[in-house]
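# Chains, contacts and geometry: an overview
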Amino acid sequence: MDSSHLNETATVTDPNPESRTSSEAAAGRPGPTISFGAEGGAKSLKPAREDGNVKLEELHAYYGSNHAVRGVSLGFPAGKVTAIIGPSGCGKSTMVRCINRMHEEIPGARAEGKVMLDEIDLYDPRIDIVAVRRSVGMVFQKPNPFPTMSVIDNVTAGLRLTGASRGEMDDRGREALVGAGLWDEVKDRLKGPGTGLSGGQQQRLCIARALAVNPEVMLMDEPCSALDPVATLKIEELIGELKQRVTIVIVTHNMQQAARVADTTAFMLGGELVEVGATDKLFTNPDDDRTEQYVTGKFG
Amino acid sequence: MAETRSQYQEELERLEASALGGVDMVNAALDRTLEAVEHQDVELAQLVVMDDDRIDGRYLEVHQSLITLLATQSPVATDLRLISALLHVLKNVERMGDQCVNICKMIPLSGNEPPADGRMVELILSMGKQVRTIDNQAKRAFEDRNVEMAKDLVRQDDVVDKLNRECFRLALEIGDDADKREWAMTMLLAARAIERIGDNAVDIGEQVAFVVTGLFREFEDASHPTV
């Protein structure tokens, strides 16, 4: 990814860090993308980042009394695609939603443990949640473009809060559409409605929207389950290109998809991490018998 | 968790049984081949040649079904290794059948006279019996996923190799008579073909180790012998 702004801004001396609000930080004004707010002693973070390595340490997630994720420790290396597989209800989506702190938005839900983005603990109480969501983008099962917005406005929606000029937004929007492999298909209909695109194009539009704010990590929760095979393959190709720029975590029920796109695959069962390893190893000679049973379809 | 894909599992089990059943077909062909060698029975030898179509048919049928499983069921892990191994096993079985054919095609060349050297015929029959044992052991090792039993095939195959070398020694001693020497050459080719059947059975054993461990390793490296 283009992390230059992170490196640059990480060294910017904020003359008055106390004055920065979380929304300003989230909006991407000069300063670290993720910063501690005033409550945390107003120190701006100078992370020595290495391009978006994510690490879960003893992560637990609950829905009320339901213990959905049970002490998962797992790394998502930068520049790689990691797939999470497992039967329905195994906690894989919940785990992924903990990475950008969306899990806690559900009433009664909470998470414990650490989610480290490089050297930053995303669960540090002083952290700015909005900034977390900018750094950790998410693409959902069903494409969800803003229905009243044009194609280009959809892509630049996240930039609008930054106070960027129209010209700047157009440039970043175009860059994101190119990055999402959609530019050639929509360049003549940028002002048309986002919902006028096909399902596969809408999903790539959502990927472009996530890319526009230069995230370090992209979470994909069943991104192709609503798409036809051709649109699916386009997204899979795109994932292969995007991994150079962002760390990708993909939740999928489609094991062949995991086998095609992921460098590393993790298998979860009953909220626990059963096995993680190189994708080719996991699909040809898994270590754990439960993984073997699942990938060969003997249960699920 | 509910058990799933039972039809697929049943089909895979059926194909394994069918592929390994090819070893039984080879042994039946080998029995007839040895009998044809012993009695210089040209008609029986022709039967073996014609019957090889059944082994080839088994190869084609199971091979196609395995390809269909690959295309439609996306097998992974042990299932994938098993299918890969069965494709190898099928090829081995097909080659073993061909070796029986090779021997039987030579029987008319050995003439209708009594054997030039009875000891050599005995050696070939002993080789054949030992190879039959090896074939059965390879099949059982595969069925039981027994790597130790599979590795033991090398030891069993050494017996065949020794008998083969003994045949060679006898051929050298057979004298200057041109007919006898021609007969001995033919018998050497037969011994060599039987020895190759044993090698193919050892190859099946190597596939057992692959199915179980996920690692392929030749039990014996002919290019870099340890002894």
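One can find the structure itself at the top, above this paragraph.
The following paragraphs examine the structure supplied in this document. Since the structure is predicted, the reported quantities are computational estimates derived from the model, not experimental observations.

The helix and strand tally for chain B stands at six helices and zero strands. The order of helices and strands in chain B, counted from the N terminus, is α-α-α-α-α-α. Expressed as a percentage of the 227 residues in chain B, the buried residues total 41%.

Counting 142 residues, the largest nonpolar core has Ala 208, Val 249 and Ile 250 of chain A together with Ile 124 of chain B as the members making the most contacts within it. Sorting elements by how many residues they give to this core places helix H6 (residues 178–213) of chain B first, with 15 residues. With residues near it in sequence (within four places) discarded, Ile 124 of chain B still touches Val 37, Cys 167, Met 187, Ala 190, Ala 191 and Ile 194 of chain B.

Another aspect to go through is the environment of Asp 41 of chain B. Residues and elements named next belong to chain B. In this structure, Asp 41 sits in the loop between helix H1 (6–39) and helix H2 (42–73). Along the backbone, Asp 41 and Ala 209 are 168 residues apart, and their C-alpha atoms lie at a distance of 39 Å. Those residues within four positions of Asp 41 in sequence are excluded, and the remaining contacts are Glu 35 and Ala 36.

So, about the interface of chain A and chain B. Contact with chain A, which involves 13 residues of that partner, is made by 13 residues of chain B. For the side of chain A that touches chain B, the secondary structure elements donating two or more residues are helix H11 (279–284) and helix H12 (289–295) of chain A. Partitioned by chemical class, the residues of the side of chain A that touches chain B number five nonpolar, six polar and two charged.

Moving on, we get to the sheet that holds strand S1 (residues 54–63) of chain A. All names here are of chain A. One open sheet holds the four strands; their spatial order is S2-S1-S4-S5, and the pairing between them is antiparallel. Bordering the open sheet on either side are strand S2 (66–76) and strand S5 (120–121), each of which pairs with just one other strand. Where S1 lies against S2, eight bridges are found, and the strand directions are antiparallel. Its bridge partner lying in S2, His 60 is registered against Arg 70. Sitting on the sheet, helix H3 (residues 92–99) is in contact with S1, S2 and strand S4 (109–117), with an inclination near 120° to S1.

This part covers helix H9 (residues 229–242) of chain A. It helps to recall that an α-helix has 3.6 residues per turn; residues three or four apart then point in one direction. Residues and elements named next belong to chain A. An ideal rise of 1.5 Å per residue puts 20 Å on 14 residues; H9 measures up with 20 Å between its terminal C-alpha atoms. Listed as buried for H9 are Lys 234, Ile 235, Leu 238, Ile 239 and Leu 242. Buried positions in H9, seen along its axis, are confined to an arc of 145° and lie on one side of it. Opposite the buried face of H9, at more than 90 degrees from it, the exposed residues are Pro 229, Val 230 and Gly 240. Structurally, H9 contributes buried residues whose contacts are with strand S3 (81–85), helix H8 (199–212), strand S7 (217–221), strand S8 (247–251) and helix H10 (255–261).

The next thing to look at is unusual backbone geometry. Residue and element names in this part refer to chain B. Notably, Ser 74 is not glycine yet its phi reads approximately 45°, a positive angle. Take Ser 74: it is sitting in the loop between H2 and helix H3 (77–106). In the Ramachandran plot, Ala 77 falls in the positive-phi region, its phi being about 50° despite a non-glycine side chain. On the basis of neighbour count, Ala 77 is assigned to the buried category, with 22 C-beta atoms found within 10 Å.

In a beta sheet, neighbouring strands are held together by backbone hydrogen bonds and run either parallel or antiparallel to one another. Residues and elements named next belong to chain A. Spatially, the six strands line up as an open sheet ordered S6-S7-S8-S3-S9-S10, and their pairing is mixed. Across the chains shown, the open sheet's two edge strands, defined by having one partner strand only, are strand S6 (136–139) and strand S10 (272–278). The sheet shows a mean angle of 20° between the axes of neighbouring strands, taken without regard to direction. Against the sheet, H8 contacts S6 and S7, and its axis sits at roughly 170° relative to S6.

Criteria and cut-off values
- Positions within a chain are numbered from 1, following the residues in the order the chain's sequence is written.
- Labels follow written order: the first chain is A, the first ligand is 1, and so on.
- Only residues with pLDDT of at least 70 get local features here, since the model is predicted, and only at 80 or more are side-chain atom pairs given and counted; chain-wide, interface and lining totals rely on the full set of residues.
- Starting at the N terminus, helices and strands are each numbered in turn, a helix being any DSSP run of H or I of at least four residues and a strand any DSSP run of E of at least two.
- Note on burial: count the other C-beta atoms lying within 10 Å of the residue's C-beta; 20 or more is buried, 12 or fewer is exposed, in between is partly exposed, and C-beta positions come from the backbone.
- As used here, a nonpolar core is made of buried Ala, Val, Leu, Ile, Met, Phe, Trp, Tyr and Cys residues. They are joined through C-beta atoms within 7 Å.
- Placing C-beta atoms from the backbone, we regard two residues as in contact once those atoms come within 7 Å.
- Basically, the charged four are Asp, Glu, Lys and Arg, the nonpolar ten are Ala, Val, Leu, Ile, Met, Phe, Trp, Tyr, Cys and Pro, and anything else, Gly included, counts as polar.
- Only strands joined by at least two bridges in the DSSP assignment are considered to pair.
- Think of each axis as a best-fit line through the C-alpha atoms, taken over the contacting stretch in the case of a helix, with angles from 0 to 180 degrees between the N-to-C directions.
- An expected span of 1.5 Å times one less than the residue number is assigned to each helix.
- The reported arc concerns the directions from the helix axis to the C-beta atoms and nothing else.

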